[in-house]
Amino acid sequence: MRIKTILILLLTFISLSAQVTDRDLLDAYHREDMSIWKEYIDRLRLTEYRPATPDRVQTDLLYEYGYCGYIVAEAKKAGKESLLPEAKRYVKQYKQHVEALKNQLPKGHYEMHQSAVYVYELRLHESIHPFHAMSLAKEATKLAPNDPLVLSYYGTCLFYSPKPFGSKSDALKWFEKAQPLFGDEQYTYCWVRKANEMYIQQCHDKLKK
């Protein structure tokens, strides 16, 4: 009976995971419904032993990166301090997956994700590596100068960093450099492509003031 129950749960897990597509996750991003992302990430088993194509590993890790950014930002809002333990748990899981998948990631992606880990840990007061985070983000662009994900990430770092470490005008250059590279078909349902467009608009709006 116990084995039957486990099999039913396993089949349910596989079925639910298969139902969520990148298009569904992008639509949820547009609606700002991150509960769907949370459910998807909770079902992921991103380890070095996880059977998946390199593209899928890369995509799934991007969802973790994005969700961590969301939950950390939420936990830092006044009145939402109760989310801090959850935010720390997701960042810790993300950090573990980045290390486990280090040798499976495209050039520059390990540095990009490691930089993001340091940024999230800094915001959660788990570690203090702001200069190393920026250094890794910059190094990622040298390793992958034509990767829009890497270029857009560095733009994000510059967008949020205070002067003299970053600025909206410097960030805009990197977002605009990434934009045409997102035209590749593989980024059709990529949430980072949409985020990059949003940042370009925000930079233009802020620089007009």
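Just so we're clear, the structure is a prediction, and the values are computed from it rather than from any experiment.

Undergrad: Would you mind going over unusual backbone geometry with me for this structure?
TA: In terms of backbone geometry, most residues other than glycine have negative phi values and most peptide bonds are trans. Residues K163 and P164 are joined by a peptide bond in cis, for which omega reads 10 degrees. When you line up the elements, P164 lands in the loop between α8 (148-160) and α9 (168-178). A positive phi angle, close to 60 degrees, is found at E32, a residue other than glycine. As for its position among the elements, E32 is in the loop between α2 (22-31) and α3 (35-43). Here the phi dihedral of H125 falls at roughly 60 degrees; this positive angle occurs in a residue that is not glycine. In this structure, H125 sits in the loop between α6 (109-123) and α7 (130-143).

Undergrad: Explanation requested: the packing of α2 against helix α10 (residues 191-208) in the structure shown.
TA: Describing two packed helices takes the angle between their axes plus the distance from one axis to the other. One way to put it is that α2 packs onto α10 with a least axis distance of 9 Å and a crossing angle of 30 degrees. Overall, the two elements α2 and α10 adopt an arrangement that is roughly parallel. In this structure, α2 uses L26, Y29 and H30 to contact α10, whose residues at the interface are W191, R193, K194 and A195. Split by residue class, the contact of α2 with α10 holds four nonpolar, one polar and two charged.

Undergrad: Explain the environment of S115 here, please?
TA: Relative to the assigned elements, S115 resides in helix α6. Judged by relative accessible area, S115 falls into the buried class, the value being 0%. Between the alpha carbons of S115 and A140 there is a distance of 9.3 Å; along the sequence they are 25 residues apart. Leaving out residues up to four positions away in the same chain, S115 has contacts with A133, L136, A137, Y153 and C157.

Cut-offs applied
- Residues numbered from 1 in each chain as written.
- Predicted model: local features only at pLDDT ≥ 70, side-chain atom pairs only at ≥ 80, totals over all residues.
- Heavy atoms only, no water.
- Helix = DSSP H or I, 4+ residues; strand = E, 2+ residues; numbered from the N terminus.
- Axes fitted to C-alpha atoms, helices over the stretch in contact; angles between N-to-C directions.
- Parallel < 35°, antiparallel > 145°, perpendicular 65-115°, else oblique.
- Contact = heavy atoms within 4.5 Å.
- Nonpolar A, V, L, I, M, F, W, Y, C, P; charged D, E, K, R; others polar.
- Buried < 20%, exposed > 50% of the residue type's maximum accessible area, 1.4 Å probe, protein only.

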